[in-house]
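Chain by chain, the residues run as shown.
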Amino acid sequence: MATDYRSDRPARTEPRDHFLPPALRAPLEGRTWREFGYLLLSLPMSIVFFSFAITAVSLGAGLLVTFLGIPVLAAGLAGCLGLGAVERARARGLLHLDVAGPAPVRGKKSGLMSWVGAVLKSGASWRHLLYAVLHFPWAIFAFVVSVTFWVTGWGLLLYPLWRWTFPRFLDQPGISLYGDADGTQLYVDTPFEIGATAAVGLVLVFASPWLIRSLVSVDRMMVAGLLGPSRLATRVVELESDRGVVVDTAAADLRRIERDLHDGAQARLVALAMDLGLAKEKLTEDPEAAARMVDEAHGEVKVALQELRDLARGIHPAVLTDRGLDAALSSVASRCTVPVTVEVDLPARPAPAIEGIAYFTVSELLQNVSKHAQARRATVDVWRSQDRLMLQVTDDGTGGADLSAGSGLAGLAERLGAVDGILAVDSPAGGPTRVIAELPWRA
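Residues numbered from 1 in each chain as written. Predicted model: local features only at pLDDT ≥ 70, side-chain atom pairs only at ≥ 80, totals over all residues. Heavy atoms only, no water.

1. Considering the environment of arginine 90
Operational definition: For the purposes of this entry, the term helix denotes a DSSP run of H or I that reaches at least four residues, the term strand denotes a run of E that reaches at least two, and both are numbered from the N terminus. Each residue is assigned to one of three classes by its accessible area relative to the maximum for its type, calculated with a 1.4 Å probe on protein chains only: buried under 20%, partly exposed between the two thresholds, exposed over 50%. When checking whether two residues touch, look at their non-hydrogen atoms; a contact exists if any pair is within 4.5 Å. Side-chain atoms alone can form a polar contact between residues adjacent in sequence; in general such a contact is a pair of N or O atoms within 3.5 Å, and within protein one must be able to donate a hydrogen while the other accepts it.
Looking at the secondary structure, you find arginine 90 in helix H3 (residues 69-94). Accessibility expressed as a relative area gives 10% for arginine 90, which makes it buried. As a C-alpha pair, arginine 90 and serine 42 span 48 residues in sequence and 9.4 Å in three-dimensional space. When residues no more than four places from it in sequence are discounted, the contact partners of arginine 90 are Tyr38, Leu41, Ser42, Met45, Leu95 and His135. Reaching out from arginine 90, the side chain makes a polar contact with the backbone oxygen of tyrosine 38 at a distance of 3.0 Å.

Here it is as structure tokens:
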């Protein structure tokens, strides 16, 4: 069954074009100030984190000769996990970097020693400790560099506004550039020198946001790489989610097949049996009426057979198994209400499971084109790119397809994601619409 992938909600308003280019807007953007604030807070936070981590580890290592060393070390690592949560919250608030926390540390059994063993065996605990050690020198460097550039740039840019403080309070005409014991002094006090100083400050002001973003990118990598879950844990969560999607999809398909059988072919076959029973009773009394009823039953048999064929095609078409994607997609395209051009360029056939998913993906997209796109023509392209099977369905319809609108495309993306596939949609208002799907080859 095709699902409408075009949202009924009003189109989102596009952000208004700014008069200034990004390079000129950067010093005043909220992002720049948030990232600068993040670097300012990094120094005190790193001092606390580093001091706690080194103290706890040193104390625990020193006490290893006694029975207290291991619990103290575990408590220190647990404290690092807590401070890591603060760091993730700071990154989420100021950098808009949403990093999931690692899985909670739990012992296999209840009790203190079981928990201590789980903390010491947890890779997340040691990654948090490594973050505390590595982030401290980096935070000092980033703080010094960012503050120096930021304060110097704005100070020089605004120098014409605060130069008056020198003659009034310091008894000198401006910033002193040079001075020696002979009394030779060089000040920034002429209009040209003041303007040149402001120009240098302007360059530093425009350069500082990009320097700050470069510094913050290192913090992003450290937070995401050391304070988040491991790649293995992330992959396990993804596989668990994909397994749930596969189970739900299989259950939904079974319900659909059951519904189609019950409401379609089964009901028609029951009616056919009743008609044949009535015809049998009338066969001796009214042969002509019985012949008409048999003729009507013959028509019902043809309709029931067609419904069963359609149902079997929806489960897995025989042409796909026998002749592959090219013939199967050509068959789907022939049933579309708009002309469809199919081009399949594959050196070999992918795995049967991937081939089936590709077939049903294109089939559902073409049904959407037929019912909702208001298109005059469509194209289907299938090719292989390294170890990926690529599908592209385009139409010249009205556009407006939205993957994030919770519609049929979102469900299709979940199905593809269950096998490490990707679905991308490009559908501006007014069209055209282009949907690209990637699937693993898995030959």
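Text resumes after the structure shown.
2. Comments concerning a nonpolar patch on the surface
Just so we agree on the cut-off: The patches described consist of residues with a relative accessible area above 30% and no salt bridge, like charges being joined within 9 Å and nonpolar side chains (Val, Leu, Ile, Met, Phe, Trp, Tyr) within 5 Å. Per-residue accessibility takes into account occlusion by the displayed protein chains alone, with areas from the Shrake-Rupley method and a 1.4 Å probe. Any Lys or Arg side-chain nitrogen located within 4 Å of an Asp or Glu carboxyl oxygen qualifies as a salt bridge.
On the surface, a cluster of nonpolar side chains totalling about 650 Å² of accessible area is made up of Leu158, Leu161, Trp162, Trp164, Phe169 and Leu170. Those elements giving two or more residues to the nonpolar patch turn out to be helix H6 (159-162) and helix H7 (165-170). Assignment of secondary structure puts leucine 170 in helix H7.

3. Some details on the confidence of the model for the protein
Where we set the bar: Residue-level confidence of the predictor is summarised by pLDDT, bounded by 0 at the bottom and 100 at the top.
Per-residue confidence for the protein gives a mean pLDDT of 80; residues scoring 70 or more make up 79%. A low-confidence stretch, residues 1-16 stays under pLDDT 50, and its non-local contacts, those more than four residues away or across chains, total 39 contacts.

4. Topic: the sheet that holds strand S5 (residues 388-395)
This is how it is decided: In this analysis, strands are considered paired if DSSP registers two or more bridges between them. Between the N-to-C directions of two axes lies an angle of 0 to 180 degrees, each axis being a line fitted to C-alpha atoms and, for a helix, fitted only over the stretch in contact.
Across the sheet, which stays open at both edges, the five strands sit in the order S3-S4-S5-S7-S6 with mixed pairing between neighbours. In this open sheet, the two strands that pair with only one neighbour each are strand S3 (340-345) and strand S6 (422-426). Strand-to-strand twist across the sheet, computed as the mean angle between neighbouring axes with direction ignored, equals 10°. Pairing between S6 and strand S7 (residues 433-440): five bridges, direction antiparallel. Opposite valine 425, over in S7, you have valine 435 as the bridge partner. Against the sheet, helix H12 (residues 325-334) engages S3, strand S4 (378-385) and S5, with an angle of about 170° to S3. Here helix H13 (residues 352-373) sits on the sheet and contacts S3, S4, S5 and S7; the angle it forms with S5, its principal contact strand, is near 10°.

5. As for the pairing of S5
Extensive coverage of S5 is indicated by the burial of eight of its eight residues. The side-chain alternation of S5 yields two buried faces, one formed by Arg388, Met390, Gln392 and Thr394 and the other by Leu389, Leu391, Val393 and Asp395. Summarising the sheet, S4 and S5 pair through eight bridges and their orientation is antiparallel. In the sheet register, valine 382 faces S5, and the bridge partner there is leucine 391. With eight bridges connecting them, S5 and S7 associate as antiparallel partners. The residue of S7 that forms the bridge with threonine 394 is arginine 434.

6. Describing the side chain of serine 208
Position of serine 208 relative to the elements: it lies in helix H8 (residues 191-226). Excluding its chain neighbours within four sequence positions, the residues that come into contact with serine 208 are Phe149 and Trp150.

7. Quick notes on the packing of H3 against helix H5 (residues 123-157)
As a reminder of what qualifies: Reported orientations rely on four angle classes, namely roughly parallel under 35 degrees, roughly antiparallel over 145, roughly perpendicular from 65 to 115, and oblique for the rest. Each crossing gets its hand from how the near helix is turned against the far one by less than a right angle, where anticlockwise is left-handed and clockwise is right-handed. Just so you know the grouping, Ala, Val, Leu, Ile, Met, Phe, Trp, Tyr, Cys and Pro go in nonpolar, Asp, Glu, Lys and Arg go in charged, and all remaining residues, Gly too, go in polar.
Contact geometry for H3 and H5: axes closest at 8 Å, N-to-C directions at 70°. Considering their axes alone, H3 and H5 lie roughly perpendicular with respect to each other. Here the hand of the crossing between H3 and H5 comes out left-handed. Touching Leu73, Leu77, Cys80, Leu81, Gly84, Glu87, Arg88 and Arg90 of H3 are Ala124, Ser125, Trp126, His128, Leu129, Tyr131 and His135, all from H5. Residue composition of the contact of H3 with H5, by class: eight nonpolar, four polar and three charged.

8. Some thoughts on the packing of aromatic side chains
Defined as follows: Planes of paired rings set the category: under 30 degrees apart is stacked, over 60 is edge-to-face and the rest tilted, where pairs are Phe, Tyr or Trp rings (Trp by its six-membered ring) whose centres lie within 6.5 Å. Counted as over-ring charges are cases with an Arg CZ or a Lys NZ within 6 Å of the ring centre that also lie within 35 degrees of the ring normal.
Enumeration according to the criterion identifies eleven aromatic pairs in this entry. An aromatic cluster is present here, built from Trp33, Phe36, Trp150 and Trp154 joined pairwise through their rings. The ring of tyrosine 38 is capped by arginine 90, whose NZ or CZ atom sits 4.0 Å from the centre of that ring. Over the ring of tryptophan 210 we find arginine 213, and its NZ or CZ is 4.6 Å from the ring centre.

9. Overview of unusual backbone geometry
Positioned with a positive phi, histidine 96 is a non-glycine residue whose angle comes to about 55°. Structurally, the position occupied by histidine 96 is in the loop between H3 and helix H4 (112-121). Given a relative accessible area of 55%, histidine 96 falls into the exposed group. One non-glycine residue, glutamine 386, lies in the positive phi region at around 55°. Position of glutamine 386 among the secondary structure elements: in the loop between S4 and S5.

10. Description of the pattern of salt bridges
In this structure the tally under the stated criterion is eleven salt bridges. For the salt bridge of arginine 349 with glutamate 355, the shortest nitrogen-to-oxygen distance reads 2.8 Å. According to the relative accessible area criterion, arginine 349 is partly exposed, its value standing at 39%. For the salt bridge of aspartate 426 with arginine 434, the shortest nitrogen-to-oxygen distance reads 4.0 Å. When its relative accessible area of 41% is taken as the criterion, aspartate 426 is described as partly exposed. Overall, the relative accessible area of 38% leaves arginine 434 in the partly exposed class. Three or more residues joined by partner-sharing salt bridges are found here, namely Arg25, Glu29 and Arg213.

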